[in-house]
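Now for the letters of each chain:
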Amino acid sequence: MTTPESAGPATSPTALAAGRGRRVLVAGVGNLFLGDDGFGPEVARQLAGRDLPESVTVTDYGIRSMHLAYDLLDGWDHLILIDLLPSRGRPGAVHIVEIDPAEVGNAAPDPHGMAPHSVLAAVGSLGGELPPTVLIGCEPADVGEGIGLSPAVSAAVMPAVAAVVDLLTDGRLTERRPGDRLAGMARSGDW
């Protein structure tokens with residue numbers, strides 16, 4: 001699923017109250033020294049300035065993938081991961097992908113690995129359980145050495161922010177029961 005081009009209307013604190021109570025970790029990941037790989041950290045930075053429910057924690061993990069894996073052991077109800085997706089030929093396209101914990105599997109922790117799927121797989125090896133996870137991903141234009149997002153990926157930051165806020169406010173995360181799927185999202189096989 002691709003998010004709309006516009007960032008959408010501002011969300012009121014009243015609408016955000018619907019997400020209170022369930023602990024949600026919003027994790028931006030990526031290397032800001034590799035161009036568009038700084039997408040996740042930039043979206044997290046933009047979200048950190050928003051009025052979000054107390055139950056939502058936004059963190060820029062950058063390249064500290066093992067820190068994210070260990071933080072996931074703290075019993076979160078939901079994870080929203082923000083990162084790049086492999087390119088499909090549409091730089092700047094934002095996709096929302098539901099990650100199936102059963103498809104992630106388990107892997108030994110790799111303190112030098114930064115691939116998000118490896119980090120998520122390490123959670124089980126560390127004795128934890130991956131919470132229901134949604135990836136807000138963007139297709140890159142340039143991941144070469146350098147600081148700064150390409151124009152296409154820079155333009156995708158606010159639609160990604162809007163996608164996260166929508167997930168936090170529309171009840172899809174907080175009203176789920178174990179085993180429920182999020183309607184209208186791509187599956188983790190697309191990741």
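The structure displayed is predicted, hence computed values, not measured ones.

**Student:** Before we move on, can you summarise the overall build of the chain with the specific residues and values?
**Tutor:** Within the chain, the secondary structure is distributed over 6 helices and 6 strands. In the chain, the order of α-helices and β-strands from amino to carboxyl end is α-β-α-β-α-β-β-α-α-β-α-β. Here the chain holds 191 residues, and the buried ones make up 47% of them. Within the chain, residue pairs in contact and separated by at least 24 positions form 82% of the contacts whose partners lie at least 6 positions apart.

**Student:** Please provide a residue-by-residue account of helix 6 (residues 151-169), values included.
**Tutor:** For an α-helix, 3.6 residues make a turn, and residues three or four places apart therefore share a direction. With 19 residues, helix 6 should reach 27 Å at 1.5 Å per residue; the first-to-last C-alpha distance of 28 Å fits that figure. Maximal helix bending in helix 6 amounts to about 30°, located at Val157; proline Pro159 follows within four positions.

**Student:** If you had to explain the confidence of the model for the chain to someone new, which residues and values would you point to?
**Tutor:** Model confidence for the chain is summarised by a mean pLDDT of 78, while 69% of its residues fall at 70 or above. The secondary-structure element of the chain with the lowest mean pLDDT is helix 1 (residues 13-16), recorded at 36, while helix 2 (residues 39-48) shows the highest, at 96.

**Student:** Let's hear about helix 2: which residues, and what values?
**Tutor:** Restricting attention to buried positions, one finds in helix 2 the residues Phe39, Gly40, Pro41, Val43, Ala44 and Leu47. Buried residues along helix 2 sit against strand 1 (24-29), strand 2 (56-62), strand 3 (78-84), strand 5 (133-138) and helix 6.

**Student:** Please provide a residue-by-residue account of the pairing of strand 1, values included.
**Tutor:** In terms of residue burial, strand 1 counts as a mostly covered element, since 6 of its 6 residues are buried. Across 6 bridges, strand 1 lies against strand 2 in parallel orientation. By the bridge assignment, Val26 is partnered in strand 2 with Val58. Between strand 1 and its parallel partner strand 2, the chain crosses via helix 2, and the hand of that crossover is right-handed. Relative to strand 3, strand 1 runs parallel, the two being bridged by 5 bridges. Residue pairing for strand 3: Val24 is matched across the bridge by His78.

**Student:** I'd like a rundown of the pattern of salt bridges, residues and numbers included.
**Tutor:** This structure, assessed with the given rule, holds 2 salt bridges. The salt bridge partner of Arg45 is Glu42, with a shortest N-O separation of 2.7 Å. Of this pair, Arg45 and Glu42 are both found in helix 2, 3 residues apart, which corresponds to roughly one turn of the helix. Measuring nitrogen to oxygen at the nearest pair gives 3.9 Å for the salt bridge that ties Arg90 to Glu139. Of the two residues, Arg90 sits in the loop between strand 3 and strand 4 (94-99) while Glu139 sits in the loop between strand 5 and helix 6, which places them 49 residues apart along the sequence. You can call Glu139 buried: its relative accessible area is 0%.

Parameters and conventions
Residues numbered from 1 in each chain as written. Predicted model: local features only at pLDDT ≥ 70, side-chain atom pairs only at ≥ 80, totals over all residues. Heavy atoms only, no water. Helix = DSSP H or I, 4+ residues; strand = E, 2+ residues; numbered from the N terminus. Buried < 20%, exposed > 50% of the residue type's maximum accessible area, 1.4 Å probe, protein only. Contact = heavy atoms within 4.5 Å. Expected span 1.5 Å × (residues − 1). Bend = angle between axes of the 7 residues up to and from the residue. pLDDT = per-residue confidence, 0-100. Pairing = 2+ DSSP bridges. Right-handed = clockwise from strand over helix to strand, strands pointing away. Salt bridge = Lys/Arg side-chain N within 4 Å of Asp/Glu carboxyl O.

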